[in-house]
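Listed below, chain by chain, are the residues.
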Amino acid sequence: DKVCSPCQNSKADLRKLQGIYCFFYQATSASALLRLSKKRLSELTGVLKSAHTMMQELVSGSSYNYKNKCMLLEAEMFSSRLEDTKARQAYTESIQASIHSGFIHEQGLAAELFGKHCLRFGDHACALHYFRQALQCYKLWGCLLKVDS
């Protein structure tokens, strides 16, 4: 069976998009591991920086799709370096960009990670606010497993 050129291009585009998202979520996982242990600091920091660089490049072509992700990775980098003010600003920008783009699941992720950041700095009221926001986002998205956990 022959596959038409547009179909081949679509498959290639889909594979590229899958790779972008896998790398993004790999980087958010790396930032979570950084919070738990500094054993693989250079490796995990490298993953986070590489993914952030890729997202910065993608933002120039489609801010709508990638700005929230770029800002979330930036927030995680600031947070891992204990730069509280810069991290809070980047988390806020990520949440706002997620709202603008209608990515409720990524708004939830940004709010959840913002809450974890606030906890590390002892700001329990702020953490509770963002955990509640994340919970609401996950409910709206229909991710009941996440909500129930």
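Here, every reference points to the structure presented above.
Model, not experiment: these values are computed from the prediction. (Residues numbered from 1 in each chain as written. Predicted model: local features only at pLDDT ≥ 70, side-chain atom pairs only at ≥ 80, totals over all residues. Heavy atoms only, no water.)

Enquirer: How do you make sense of the side chain of Ser79 when you look at a structure like this?
Expert: In this fold, Ser79 is placed in helix H3 (residues 63-80). Residues in contact with Ser79, not counting those within four places in the same chain, are Arg35, Ala87, Tyr91, His117 and Arg120. (Helix = DSSP H or I, 4+ residues; strand = E, 2+ residues; numbered from the N terminus. Contact = heavy atoms within 4.5 Å.)

Enquirer: How should the pattern of salt bridges be read in this particular structure?
Expert: When charged atoms on two side chains of opposite charge get close, those side chains can pair. By the definition in use, this model includes six salt bridges. In this structure, Lys116 and Glu112 form a salt bridge, with 3.8 Å as the shortest nitrogen-oxygen distance. Here Glu112 and Lys116 lie together in helix H5 (residues 104-120), a separation of four residues that amounts to about one turn. Overall, the relative accessible area of 35% leaves Lys116 in the partly exposed class. Note on Glu112: relative accessible area 13%, which makes it buried. (Salt bridge = Lys/Arg side-chain N within 4 Å of Asp/Glu carboxyl O. Buried < 20%, exposed > 50% of the residue type's maximum accessible area, 1.4 Å probe, protein only.)

Enquirer: Just checking my understanding: could you explain the nonpolar core for this structure?
Expert: Soluble globular proteins tend to pack their nonpolar side chains together in the buried interior. Ranked by internal contacts, the top residues of the largest apolar core, which has 35 residues, are Met55, Leu72, Leu73 and Tyr91. Setting aside residues up to four positions removed in sequence, Tyr91 forms contacts with Arg35, Leu72, Ala75, Glu76, Ser79, Ala110, Leu113, Phe114, His117 and Arg120. (Core = buried A, V, L, I, M, F, W, Y, C linked by side-chain atoms within 4.5 Å.)

Enquirer: Would you mind going over the packing of aromatic side chains with me for this structure?
Expert: The tally for this structure, following the rule as stated, stands at four aromatic pairs. Judged by centre distance (5.0 Å) and plane angle (15 degrees), the ring pair of Tyr91 and Phe114 falls under stacked. Here the residue Tyr91 occupies a position in helix H4 (residues 84-101), and Phe114 occupies one in helix H5, the gap between them amounting to 23 residues. Tyr91 sits in the buried class, given a relative accessible area of 0%. Under the relative-accessibility criterion, Phe114 is labelled buried at 2%. The structure contains a cluster of three or more aromatic residues connected by ring pairs, namely Tyr91, Phe114 and Tyr130. (Phe/Tyr/Trp six-rings, centres within 6.5 Å; stacked < 30°, edge-to-face > 60°.)

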